[in-house]
Amino acid sequence: MLFPADFLTRLEYLSIISKRVFRGQLLAQRRTMQMGAGIEFSDHREYNSGDDLRYLDWNIYARHGDLLLKRFQEEQDLHVYLMLDCSRSMSFGTPSKFDLARQLVAALAYIALADLDRVAVIAYANGVCAELPITRGKARILPFMKFLEELPTSGDETNLEKAVQGLLHRGARTGLAVVVSDLFDEHGFQKGLDQLRHRRFDAHVIQLHDPKEADPALLGDAELIDIESESVRRVTITERNLKLYKQLFTDHQAAVRAYCCTYNLGCTQAPSVVRFDDLIMKMMRESGG
Amino acid sequence: MSFALPIAFTLAALAVPIMGLYVLKVRLRRVPVSTNLFWKQIYDEKPPRSIWQHFRHFVSLLLQLLLLLLIVLALSDPYFSWQLLESRRLVVVFDNSASMRATDIGPSRLAAAKSAALEIIDGMRFRDEVAIVLAGSTPEVIVGMSGHAPTLRDAINTLSFSDNPTHLVAAIELGHQLLDQHPHGQIFVMTDGAIDSQDLPLPSALESNASLDPTSVAPHKTQRMASVVEYHLFATAAANVGITQLQVRRSLIDPLGYEILASVRNASANQVACRLEFLLNDVPVDVIPLILKPEEIWSRAIEKTSLEGGRLEGVLTQIHGIETKDVSEKTNATKLDTLDFLSTDNNAWALLPSRKTQRVLLVSPGNLFLQKVFEANPLAEVSIRRDFPAQWPVDSIIVLHGNVPSILPPGNVFVIDPMGSCDQWEQGVAIETPIVTEQNKSSPLMNHIRLDNVLIPDAKQLLFRTPPQALAKTLSGESVYAEVQRPEGKCLVLSVNLETSDLAFRTAFPILVANSLGWFSGSTGELQQSLPTGAVTTVTINRATRVSDDVVLNSPHGETTVLFVAGPDSVNIPLTAVGSSQSATIGPLHEVGVWSVRHGRKETTADIPANILAEVAVNLASNRESDLRPAKELVESRQTHFPAAGWLRRPFWYYLVLVACSLTILEWFLYQRRLIS
């Protein structure tokens, strides 16, 4: 069962933890960079004619005779876009990566909704396959879970760039974009993430992999069937080839980490055998640090 | 090509499952993967060669079928006809004589010979056969014709020393018989060459035969043997000094005296100083310093006196540190001493018969000569009576002169000139001037006695009730001196009138009396000859106290052998020391020292001393064996190399298996190596 009976309990626990320990650090109550009618003082600027005199700092004027206007940081609802890779490669492994990905998405959505943020789920493969429109309120978690539970894997390739383009074409407001995927994208995962960056999305990458992908116990002659594209490749896997495969896989993982580090994106890599709540906790710790 | 086990070809049917597995193998495993992204990078960068890729599985099948074919061929044990024709029969004759103990070639000559023989075994080719023959006192086939190298190696390693003299000729003849006129037969004689070479089949015999009769079709047996014999010598011109003779015997004149005959040989080119000691029962009796010239043989008879007998041991000790001239170099240079490379002949043993005093009761009307002859014998305690005692003593030899009782007393009785009849004989008419014409020379009673020239004017004719053992007979066939066979004890009768005969004046008379006393006492005589090693002898085992024990033969080094007698139904029966005397043939006695025949009980404590029934002294006693220098002819014909095995020394299946192993490695290298983590 994707969402067991105690799933919501564990989500609530995670939500509480996120508020108590990592307040303002992860999703909810994040301050936007926009100045406006907030209540929290940010800085001063010189008064220009036409400015609202209510924000003139009378104390400074009384003491120094300078006309300075007080600026406040505006608090806005955060828009959280959870981009879930639902390509067929995500169905690989036992338990599958897709199961863990959906649990993660549900958990993140719950935490965001609990902090009164607006959350949307975009399922993508070679484009946007399905989406749950942006919504807010903790009570909306059940439709989220229903949506995720009924979501199948589909598509014959993975294309994050197309998926991001689809998100942008829908007029999504800038916010936090969490990409949950294995990033086995023949077109390159960088293009999609580049577009998110360019549109000032605060992106976070959660890359999942199955242990058998990292260390396949394959030797000898075999027909390799790509479950995503269903292409077949007859190969003789030698020890040397296997070693080369492991090196390429490790390089790919390192490339993802390096990209995120370069552009200051959040990055979490984990095998599909970990529990979703452990992974969430790990993410919280990394963000807090 | 022929096959020793053609049924192995049925295993070729295994090709069917191999091909079946090959067909199954081409169906590749279908392995789902999440992405081919990385595999594409691997294989697109280095695409496999298409032709090899196409044929690689087929080549694997061919390799496996070839592997099967090789294994089947190997199991069928193929061989070529030329292998049979070229196979060799080799006989290794080992000389394990005493001189092979010499240490001039370390650790010993025999050890060096064994090492060399192992080289022959290592050089064996497939279908070669080797036999091991030991040239002991009688040649012995240790291992018959065999191609099993481990067995041959074990047999060689277990060969041990002996103290026998060298007997190579018989061993070579036996080896020649084992060759059975094989076209590629060869005999390797592993010896030190310390042997007289005139009887040996030497290569020179071939040359002499060719010069005499080059057209000879059937060469003499010696030439035939010489053509297949190779001599491998393991010796140097080592020096040695040894005892070559040691005998001891009781004096014929002095009952307490004995004579030692000893010979010592210096078999070297140097002058040697040494000391010859004689010990009787470990008590020194004489020490003789010797300075022996090169090649000198020193011999001497030494007279000594002792009532007791026992083991006489001669010990030869070389005196080190005395300067001796090196004669071989014919210079004035001196050497401190000469090394002695053989210890076997530095000791020799001989057995001196013991003398025991005996009580003699002489019942005689009076004859001074007779009385003095017994009294003059220091081994006799003589008591004289004129009439018969009321009770005959049990522990005395009773000498009855003249009068005889109607029933002879039990025990040992010596009757001289009987004057009447008794239970053993009836007195007949007088024999006038008898002439002794026949003597029983085999009897110890007649040792060193000649009666044919003794004047006997008067003798008695005795008609024995049971046929006696005649010791001296007259021309008419009458026994004048006889051994009477009776169950009550030993009995001798001399029917010569001492008063009228000059027998009492002859030296033969005290010898006759001494022989009779010795015979009554059970003594085997004056001489117990020391035997050379390898000899076979007969020992007489007298009455023993314990009749239930087996009789065993103990070697000088403590090896024990139970003695058997051959029963009438050819079944060996353990020899036991029972009431009457028994003879046992023992030998060959292949160790120097004193061999003893004794009871077979295992516990020999101070309370139960070992009961020795008989002893035999064995010495090397060989001039040639003490000379460690090899014979010149053998040195000239010696061989130093052994036949090499060649490149095809192993069976053909061995090479097939090697190729199969190579193919296995190749197959593994091509197909399996990359798949093994």
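Within each chain, residue numbers correspond to sequence positions counted from 1 in written order. Starting at A for chains and at 1 for ligands, labels are handed out in the order in which the entities are written. Reporting in this predicted model follows two pLDDT cut-offs: at least 70 for local features of residues, and 80 or more for side-chain atom pairs to be given and counted; totals over whole chains, interfaces and linings ignore these cut-offs and use all residues.

Engineer: Summarise the overall build of chain B; cite the residues concerned and give the values.
Structural biologist: A tally of regular secondary structure across chain B gives 14 helices and 36 strands. Residues with at least 20 other C-beta atoms within 10 Å of their own are called buried, those with 12 or fewer are called exposed, and the rest are partly exposed. The C-beta atoms themselves are positioned from the backbone. Among the 677 residues that make up chain B, the fraction classed as buried is 37%. In chain B, 73% of the contacts between residues at least 6 apart in sequence involve partners at least 24 apart. Secondary structure elements are defined from DSSP: runs of H or I of at least 4 residues count as helices, runs of E of at least 2 residues count as strands, and each element is numbered from the N terminus. Note on contacts: residues are paired as contacts if their backbone-placed C-beta atoms lie within 7 Å.

Engineer: I'd like to hear about the overall build of chain A, residue by residue, with values.
Structural biologist: Across its full length, chain A holds nine helices and eleven strands. Looking at chain A as a whole, 35% of its 289 residues are labelled buried.

Engineer: I'd like a description of the interface of chain B and chain A, backed by residues and values.
Structural biologist: With 19 residues of chain B in contact, the opposing surface of chain A contributes 30 residues. Every element with two or more residues in the side of chain B that touches chain A is listed here: strand 2 (29-33) and helix 2 (37-45) of chain B. Asp, Glu, Lys and Arg are counted as charged, while Ala, Val, Leu, Ile, Met, Phe, Trp, Tyr, Cys and Pro are counted as nonpolar; the rest, among them Gly, fall into the polar class. In the side of chain B that touches chain A, the residues fall into eleven nonpolar, five polar and three charged. As judged from the five bridges shared by strand 9 (residues 220-226) of chain A and strand 2 of chain B, these two strands associate in the parallel manner. When the sheet's bridge partners are listed, Leu224 of chain A is paired in strand 2 of chain B with Val31 of chain B. Two strands pair under a simple rule: DSSP has to find at least two bridges between them.

Engineer: An account of the nonpolar core is needed here, citing residue identities and associated values.
Structural biologist: The term nonpolar core means buried Ala, Val, Leu, Ile, Met, Phe, Trp, Tyr and Cys residues held together as one set by C-beta atoms within 7 Å. With 61 residues, the main nonpolar core has Leu82, Met83, Val105 and Ala109 of chain A as its most contacted residues. In terms of residue count, helix 3 (residues 97-114) of chain A provides more of this core than any other element does, 14 residues in total. Leave out the neighbours within four places in its chain, and Ala109 of chain A touches Leu82, Val119, Val121, Ile141 and Phe144 of chain A. Met124, Leu178, Ala194 and Ala631 of chain B belong to the second largest nonpolar core, which has 53 residues in total.

Engineer: Report on the sheet that holds strand 6 (residues 128-136) of chain A, specifying residues and quantitative values.
Structural biologist: Strand pairing in a sheet relies on backbone hydrogen bonds. The paired strands run either parallel or antiparallel. All names here are of chain A. Strand order in this open sheet of six strands is 6-5-4-7-8-11, and the pairing throughout is mixed. Two strands in the sheet have a free side with no partner beyond their single neighbour: strand 6 and strand 11 (266-271). Averaged over neighbouring strand pairs, the angle between their axes works out to 15 degrees when direction is ignored. Pairing of strand 8 (residues 202-209) with strand 11 involves six bridges; the strand directions are parallel. Among the inter-strand pairings, His209 is bridged to a residue of strand 11, identified as Pro271. A fitted line through C-alpha atoms represents every axis, and for helices the fit uses only the stretch in contact; the resulting angles, taken between N-to-C directions, go from 0 to 180 degrees.

Engineer: Can you tell me about the pairing of strand 10 (residues 232-237) of chain A, naming the residues and giving the values?
Structural biologist: Across a regular strand the side chains alternate sides, sitting on one face of the sheet and then on the other. All names here are of chain A. Examined bridge by bridge, strand 9 and strand 10 share six bridges and lie antiparallel to one another. If you follow Glu223 over to strand 10, its bridge partner there is Arg234. Here strand 9 folds back onto strand 10 in antiparallel fashion, the turn holding five residues, of which Glu230 has a positive phi close to 60 degrees.

Engineer: Can you tell me about the environment of Arg118 of chain A, naming the residues and giving the values?
Structural biologist: All names here are of chain A. If you trace the backbone, Arg118 turns up in strand 5 (residues 118-124). According to the C-beta neighbour criterion, Arg118 is buried, with 20 such atoms within 10 Å. Considering only alpha carbons, one finds Arg118 and Arg136, 18 residues apart in sequence, at a separation of 4.6 Å.

Engineer: So what's going on with helix 6 (residues 149-157) of chain B? Which residues, and what values?
Structural biologist: Two residues of an α-helix separated by three or four positions point the same way, owing to the 3.6 residues in each turn. Residue and element names in this part refer to chain B. Listed as buried for helix 6 are Leu152, Ala155 and Ile156. Down the axis of helix 6, the smallest arc covering the buried residues is 100 degrees, so these residues share one side. Away from its buried face, by an angle of more than 90 degrees, helix 6 presents the exposed residues Pro150, Asp154 and Asn157. Buried positions along helix 6 lie against helix 5 (109-122), strand 5 (129-135) and strand 6 (139-146). An arc is given here, and it is the one of the directions from the helix axis to the C-beta atoms.

Engineer: Give me the lowdown on the pairing of strand 4 (residues 89-94) of chain B, citing residues and values where you can.
Structural biologist: Residue and element names in this part refer to chain B. The element strand 4 is largely enclosed, with a buried count of six among its six residues. The alternating pattern of strand 4 places Arg89, Val91 and Val93 and Leu90, Val92 and Phe94 on opposite faces, both of which are buried. Here strand 4 pairs with strand 7 (residues 185-191) via six bridges, running parallel. Counterpart to Val92 in the pairing with strand 7 is Phe188. Relative to strand 5, strand 4 is paired through six bridges, and the arrangement is parallel. Across the sheet, Leu90 pairs through a bridge with Val130, a residue of strand 5. By convention, a crossover is right-handed whenever its connection, traced from the first strand over the helix to the second and viewed with the strands pointing away, goes clockwise. A crossover links strand 4 with its parallel partner strand 5, the connecting element being helix 5, and its sense is right-handed.

Engineer: Quick rundown of the packing of helix 10 (residues 368-376) of chain B against helix 11 (residues 508-521) of chain B? Include the residues and the values.
Structural biologist: Residues and elements named next belong to chain B. As a packed pair, helix 10 and helix 11 sit with axes 10 Å apart at the nearest point and diverge in direction by 55 degrees. One finds that helix 10 runs oblique with respect to helix 11. Helix-helix and strand crossings are classified by hand; for helix 10 and helix 11 the assignment is right-handed. Of helix 11, the residues touching helix 10 (which contributes Val373, Phe374 and Ala376) are Phe509, Pro510 and Val513. In the contact of helix 10 with helix 11, the residues fall into six nonpolar, no polar and no charged. Angle categories: roughly parallel below 35 degrees, roughly antiparallel above 145, roughly perpendicular from 65 to 115, and oblique for all the rest. Each helix crossing is assigned a hand: it is left-handed if the near helix lies turned anticlockwise from the far helix by less than a right angle, otherwise right-handed if that turn is clockwise.

Engineer: Go over the sheet that holds strand 17 (residues 347-352) of chain B, please, and point to the residues and values.
Structural biologist: Residue and element names in this part refer to chain B. Spatial strand order, 12-11-14-17: four strands in an open sheet with antiparallel pairing. Each having just a single partner strand, strand 12 (283-292) and strand 17 make up the two edges of the open sheet. Averaged over all neighbouring strand pairs, the angle between strand axes comes to 20 degrees, with direction disregarded.

Engineer: Summarise the packing of helix 5 (residues 160-169) of chain A against helix 6 (residues 189-198) of chain A; cite the residues concerned and give the values.
Structural biologist: Residue and element names in this part refer to chain A. Where helix 5 meets helix 6, the closest approach of the two axes is 7 Å, and the angle between their N-to-C directions is 20 degrees. Our classification of the angle between helix 5 and helix 6 gives roughly parallel. Listed contacts from helix 6 to Leu160, Glu161, Ala163, Val164, Gln165 and Leu168 of helix 5 are Phe189, Lys191, Gly192, Gln195 and Leu196.

Engineer: I'd like a rundown of unusual backbone geometry, residues and numbers included.
Structural biologist: A negative phi angle characterises most non-glycine residues, just as the trans form characterises most peptide bonds. Geometrically, the link from Thr94 of chain A to Pro95 of chain A is a cis peptide bond, its omega value of -5 degrees lying close to zero. Looking at where Pro95 of chain A falls in the secondary structure, it is placed in the loop between strand 4 (79-85) and helix 3. The backbone of Asn281 of chain B sits at a positive phi, close to 50 degrees, despite the residue not being glycine. Relative to the helices and strands, Asn281 of chain B is located in the loop between strand 11 (272-280) and strand 12. At Asp417 of chain B, a position not held by glycine, the phi torsion is positive, near 50 degrees. Here Asp417 of chain B falls in the buried class, since 24 other C-beta atoms lie within 10 Å of it.

Remember that the coordinates give geometry; whether it matters functionally is a separate question.
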